[in-house]
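# Working through the structure, step by step
Given next are the chains, with one letter for each unit.
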Amino acid sequence: MRRVTYAMGASLDGYIVGPDGDFNWTAPDEEVFRFWIDETRDLGVHLLGRRLYETMLYWETADQDPSLDAASLEWIAVWNPLPKVVFSSTLSAVQGNARLASGGLAEEIERLRAEPGDGDIAIGGATLAAEAAALDLIDEYRVMVHPVLVGGGIPFFPQEGRRVDLELVGTRTFGSKIVHLRYRVKR
C-alpha cells in the first residue's frame, strides 16, 4: 500500500511559517535543495492546500527564466510532471499537472491508495496535514529542522490534543546544520 507522508521545513520551535507570515529561513542551500529533489523523485502524487499550491505555482513557468541554475531546472523537471491534487473551496481551476480534489481528503487518499502506481502520497501544507493527521491518514512525518526559533506562527504539527506514537526511521544532518528527521507512525 502506498504510504502517506507529510514533509516540510520547520523551525526548531516547530513552525513552518513565522508569526509575520515569513518563511524565508527555510530557503534551502544547494545540499538541502538536492535532498528535496531526490525526495520528490520518489513521490507518486502530491496533495496540496490552496496556499501551498499558490506558492508553488512559480515553478510552472520558472523554466522561462534564463538565469536559473542547473539544480532549479532539475527541480522543475521533477516537480512539474508530478501529479498534484489541490484541496480548495475557493479555486475553480488549477494549472499544470494538477487537478482540484473531487472529494474529501479521506476519499481522495483511499482512491489514490487503491490505484495502481508507485511512489508515496505526499501531503503539503499545515492545514491539510492537520486534517490528515486528525483522520489518522499520515504514515510518516518528515521534518527538515532549521536552526532558528521564530516564536510562533503556523505549527508543523497539528495541535489536536491526541497522542501519536512514532518510530525514528532516519536522520541526516546537513553541512548547514539543518537536520532531517523521518518518523513512521507506529500502528
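Predicted, not measured: the structure shown is a model, and the values here were computed from it.

## Some thoughts on the pairing of strand β4 (residues 84-87)
Where burial is concerned, the two faces of β4 agree: the one with K84 and V86 and the one with V85 and F87 are both buried. Two strands pair when backbone bridges link them, and strand β3 (residues 43-49) and β4 are joined in this way by four bridges, in the parallel orientation. Counterpart to L48 in the pairing with β4 is V86. Sheet topology places β4 next to strand β5 (residues 98-100); three bridges connect them, and they run parallel. Within the sheet, the bridge partner assigned to V85 lies in β5 and is R99.

## Details of helix α5 (residues 105-114)
Note that an α-helix has 3.6 residues per turn; residues three or four places apart therefore point the same way. Burial in α5 covers these residues: L105, E108, I109 and L112. The arc that holds every buried residue of α5, seen down its axis, measures 95°, which confines them to one face. Looking at α5, the residues exposed on the side facing more than 90 degrees away from the buried face are E107, E110 and A114.

## A few points about the packing of helix α1 (residues 30-41) against helix α4 (residues 70-79)
Packing of α1 against α4 leaves a shortest axis separation of 10 Å and a crossing angle of 20°. Regarding the angle of α1 to α4, the classification is roughly parallel. For the pair α1 and α4, the crossing hand works out as left-handed. Together, F33, R34, W36, I37, T40 and R41 of α1 and A71, S72, E74, W75, V78 and W79 of α4 make up the contact between the two elements.

## Concerning the packing of aromatic side chains
Taken as a whole and judged by the stated rule, the model has 10 aromatic pairs. Taken together, a centroid distance of 6.0 Å and an interplanar angle of 70° make the contact between F35 and W36 edge-to-face. Between W59 and W75, the aromatic rings sit 6.3 Å apart at their centres with planes inclined by 75°, giving edge-to-face as the arrangement. Of this pair, W59 sits in helix α3 (residues 58-61) while W75 sits in helix α4; the two residues are 16 residues apart in sequence, bridging distant segments of the chain. Here the aromatic residues F33, Y58, W59, W75 and W79 are joined through ring pairs into a cluster of three or more. Above the plane of the ring of W79 lies K84, whose end atom (NZ or CZ) is 4.8 Å from the centre.

## Re unusual backbone geometry
Look at D136: it is not a glycine, yet its phi comes out positive at around 55°. Relative to the assigned elements, D136 resides in the loop between α6 (126-134) and β7 (140-146). The class for D136 is partly exposed, based on a relative accessible area of 39%. Although it is not a glycine, K177 sits at a positive phi angle of roughly 75°. Tracing the sequence through the fold places K177 in the loop between β9 (166-173) and β10 (179-185).

## Quick notes on the pattern of salt bridges
Tallied over the entire structure, the rule returns 18 salt bridges. When salt bridges that share partners are traced, they join R3, E39, D120, E140, R142, R182 and R184 into one network.

## Structural notes on the side chain of E140
Note on placement: E140 falls in strand β7. Classification of E140 as buried rests on a relative accessible area of 0%. Polar contacts involving the side chain of E140 include one to the side chain of R142, which spans 2.8 Å. A distance of 2.8 Å separates the side chain of E140 from the side chain of R182, its partner in a polar contact. In contact with E140, not counting residues within four places along its chain, are R3, V4, T5, Y6, R182, Y183 and R184.

Each value, and the rule that gives it
- Note on numbering: residues in each chain are counted from 1, in written sequence order.
- Since the coordinates come from a predicted model, pLDDT governs what is reported: local features require at least 70, and pairs of side-chain atoms require 80 or more to be given and counted, while whole-chain, interface and lining totals use all residues.
- Heavy atoms from the whole structure form the basis of all side-chain values; hydrogens and water molecules are not counted.
- Only protein chains enter the area calculation, which uses a 1.4 Å probe; residues under 20% of their type maximum are buried, those over 50% are exposed, and those in between are partly exposed.
- Each helix is a run of H or I in the DSSP string that is no shorter than four residues. Each strand is a run of E no shorter than two, and both are numbered from the N terminus.
- The pairing criterion for strands is at least two bridges between them, as found by DSSP.
- Taken from the helix axis, the directions to the C-beta atoms give the arc we talk about.
- For every element, the axis is a line fit to its C-alpha atoms; helices are fit only across the contacting stretch, and the angle between N-to-C directions ranges from 0 to 180 degrees.
- Should an angle fall under 35 degrees it is called roughly parallel, over 145 degrees roughly antiparallel, and 65 to 115 degrees roughly perpendicular, with every other angle called oblique.
- Should the near helix be turned counterclockwise from the far one by less than a right angle, the crossing is left-handed, whereas a clockwise turn marks it as right-handed.
- We call two residues in contact whenever any of their non-hydrogen atoms come within 4.5 Å of each other.
- Here the aromatic set is Phe, Tyr and Trp, taking the six-membered ring for Trp, and pairing holds for ring centres within 6.5 Å; pairs whose planes are under 30 degrees apart are stacked, those over 60 apart are edge-to-face, and all others are tilted.
- Definition used: whenever NZ (Lys) or CZ (Arg) falls within 6 Å of the ring centre and also within 35 degrees of the ring normal, the charge is taken to sit over that ring.
- One side-chain nitrogen of Lys or Arg within 4 Å of one carboxyl oxygen of Asp or Glu is enough to make a salt bridge.
- Within 3.5 Å is the distance limit for a polar contact, defined as a pair of N or O atoms, with the added protein rule that one can donate a hydrogen and the other accept it, and that residues adjacent in sequence qualify only through two side-chain atoms.

Nothing here speaks to function; it is geometry throughout.
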